[in-house]
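What follows is each chain in one-letter form.
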Amino acid sequence: MPSPYSRSLAVIDETRCIGCTLCIKACPFDAILGCSQKLHSVISAYCTGCNLCIAPCPVDCIKLVKNNHFPSERTAQFEHARKDFLLACKQRAEIKAIRTQQRHAYNKQLMDTKKKNLADQLQQLKKKSFDS
Ligand code: SF4
Ligand code: SF4
């Protein structure tokens, strides 16, 4: 069910998606699902219509469409609920930012360990050839 709180929503043409994952990385609000080499979909209940996923798509298969659930006249109650929606979006963005930071830190640690292991192996090989 699309969120009624966004004026527009992103939609992915899944028949053209090549599963590159660039849109997932670009979406600050965790509103896109998919994994590498598989088709991707927008979770319309989370989409804010921010537009940030459109440009990175290499096959141009994401477009923004008007959200027909967004009311033309908005009550105070609607505005209140919309604030809650935006707050939840902000929290998802913060959680995603932390997760991304942790993943980068983990990848860096992994690369450092690999580099160190290679350097150790090289050192041992040098020592062996020197001893023989
Ligand atoms: S329009 Fe914004 S919130 Fe919606 S899927 Fe794209 S990047 Fe995410
Ligand atoms: S950026 Fe485009 S092609 Fe890549 S995963 Fe997203 S929708 Fe599919």
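Conventions adopted
- Residues numbered from 1 in each chain as written.
- Chains lettered and ligands numbered in written order.
- Predicted model: local features only at pLDDT ≥ 70, side-chain atom pairs only at ≥ 80, totals over all residues.
- Heavy atoms only, no water.
- Salt bridge = Lys/Arg side-chain N within 4 Å of Asp/Glu carboxyl O.
- Helix = DSSP H or I, 4+ residues; strand = E, 2+ residues; numbered from the N terminus.
- Buried < 20%, exposed > 50% of the residue type's maximum accessible area, 1.4 Å probe, protein only.
- Expected span 1.5 Å × (residues − 1).
- Contact = heavy atoms within 4.5 Å.
- Near = heavy atom within 4 Å.
- Nonpolar A, V, L, I, M, F, W, Y, C, P; charged D, E, K, R; others polar.
- Pairing = 2+ DSSP bridges.

## Some thoughts on the pattern of salt bridges
Part 1: A complete count under the given rule lists five salt bridges for this structure.
Part 2: For the salt bridge of Asp30 with Arg99, the shortest nitrogen-to-oxygen distance reads 3.0 Å. You can see Asp30 sitting in the loop between helix H1 (22-26) and strand S2 (32-33) and its partner Arg99 sitting in helix H2 (residues 76-131), a full 69 residues away along the chain.
Part 3: On the basis of relative accessibility, which here comes to 21%, the residue Asp30 falls in the partly exposed class.
Part 4: What makes Arg99 partly exposed here is its relative accessible area of 39%.
Part 5: When the shortest N-O distance is used, the salt bridge between Asp112 and Lys108 registers 2.9 Å. Here Asp112 pairs with Lys108, and both are found in helix H2, just four residues apart, close to one helical turn.

## Structural notes on unusual backbone geometry
Part 1: The phi torsion at Thr21 lies on the positive side, around 75°, for a residue other than glycine.
Part 2: Within the secondary structure, Thr21 is located in the loop between strand S1 (8-12) and H1.
Part 3: A relative accessible area of 16% means that Thr21 is categorised as buried.
Part 4: One non-glycine residue with positive phi stands out, namely Asn51, at about 85°.
Part 5: By secondary structure assignment, the location of Asn51 is in the loop between strand S3 (41-42) and strand S4 (62-66).

## Remarks on H2
Given 3.6 residues per helical turn, the α-helix brings residues three or four places apart onto the same face.
Part 1: Over its 56 residues, H2 extends 82 Å from the first C-alpha to the last, a length consistent with the 82 Å expected when each residue adds 1.5 Å.
Part 2: Looking at H2, one finds that the buried residues are Phe78, Arg82, Phe85, Cys89, Arg92 and Lys96.
Part 3: Along its buried surface, H2 packs onto H1.

## Considering the site of ligand 2
Part 1: Close contacts around ligand 2 come from 13 residues, with Cys17, Cys20, Thr21, Cys23 and Cys57 the closest.
Part 2: For the shell around ligand 2, the per-class residue count stands at ten nonpolar, three polar and no charged.

## With respect to the pairing of S1
Part 1: For S1, the buried fraction is high: four of the five residues fall into the buried class.
Part 2: Alignment of S1 against S4, held across five bridges, turns out to be antiparallel. The residue of S4 that forms the bridge with Val11 is Lys63.

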